[in-house]
Amino acid sequence: MSLRYAGRVIRSHGVEGQVVLGDCIAYFQGFTVGTELHIGYSAGFVKRYIVRHSQQGGSGRYILALQGVNTPEMAATLKEMGVFVEEEVLRAATQTQYFDDEIIGSSVINRETGDVLGIIKEIWETAANEIWVVDYNGKELPIPVIDDIVKHVNIKRKQVSIFVMPGLLEIVENTPNDEEE
């Protein structure tokens, strides 16, 4: 069983033992009733719970009622613990095809020329979209994750094919390396 982090219990809620799930991963859309959650301080040390009820509780937060957690005191014991779920369940809850750790380390290929531009070294979350930061000849090449640019992602081969917009590489090529400053 492959468990992935979904978020953490940030506090209890109400008088019936509900908990508030926060710090959720990007694009998280909540759990369905009956979903099996694993809650603990790490994926290796968890206790199993079943979702009885789930609703959005504000921006990036969800209120969960769990089987066996019926009082505020019981809910309070879960505070600050991570919520982990099986990978397939998390993919369904985020409607994503890949996770950040699967993208980092991927080669970025110019779709038009076949040239390898570099390796994705980090991911920036912005209000508009994600930015994949590519190590391009020792410089940071920001790639907006939008359909017009990212054309194909192959997780098994750790390759991303992109359309290089006119001027993108020139902007980066004309900036000094961090070491030169």
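Please refer to the structure higher up on the page.
Predicted model only: the values in this text are computed from it and were never measured.

Visitor: Whenever I open this one, the packing of aromatic side chains confuses me. Can you help?
Guide: Inspection of every chain in the model, using the stated rule, returns three aromatic pairs. For the pair Tyr-5 and Phe-84, a centre-to-centre distance of 5.9 Å together with 70 degrees between the ring planes defines the contact as edge-to-face. Here Tyr-5, found in strand β1 (residues 3-13), pairs with Phe-84, found in strand β6 (residues 82-86); they are 79 residues apart in sequence, far enough to count as distant. Exposure remark for Tyr-5: the relative accessible area of 35% places this residue in the partly exposed category.

Visitor: Whenever I open this one, the sheet that holds strand β12 (residues 159-162) confuses me. Can you help?
Guide: Sheets are built from strands that pair by backbone hydrogen bonding, the pairs being arranged parallel or antiparallel. The strand order β10-β9-β8-β7-β12-β11 describes an open sheet built from six strands, whose pairing is mixed. Looking along the sheet, the strands with just one partner apiece sit at the ends: β10 (139-144) and β11 (150-154). Taken pair by pair, the neighbouring strands of this sheet meet at an average axis angle of 35 degrees, ignoring direction. Summarising the sheet, strand β9 (residues 130-136) and β10 pair through six bridges and their orientation is antiparallel. Within the sheet, the bridge partner assigned to Tyr-136 lies in β10 and is Lys-139.

Visitor: Can you walk me through the pattern of salt bridges in this structure?
Guide: Oppositely charged side chains can form a pair if their charged atoms are brought close together. Applying the stated criterion across every chain, the model contains 10 salt bridges. Between Arg-91 and Glu-87 there is a salt bridge whose closest N-O contact spans 2.7 Å. Of this pair, Arg-91 and Glu-87 both sit in helix α2 (residues 87-94), four residues apart, roughly one helical turn. Between Glu-102 and Arg-91 there is a salt bridge; the shortest N-O distance is 2.9 Å. Here the residue Glu-102 occupies a position in helix α3 (residues 100-103), and Arg-91 occupies one in helix α2, the gap between them amounting to 11 residues.

Reading the values: rules and limits
Residues numbered from 1 in each chain as written. Predicted model: local features only at pLDDT ≥ 70, side-chain atom pairs only at ≥ 80, totals over all residues. Heavy atoms only, no water. Phe/Tyr/Trp six-rings, centres within 6.5 Å; stacked < 30°, edge-to-face > 60°. Helix = DSSP H or I, 4+ residues; strand = E, 2+ residues; numbered from the N terminus. Buried < 20%, exposed > 50% of the residue type's maximum accessible area, 1.4 Å probe, protein only. Pairing = 2+ DSSP bridges. Axes fitted to C-alpha atoms, helices over the stretch in contact; angles between N-to-C directions. Salt bridge = Lys/Arg side-chain N within 4 Å of Asp/Glu carboxyl O.

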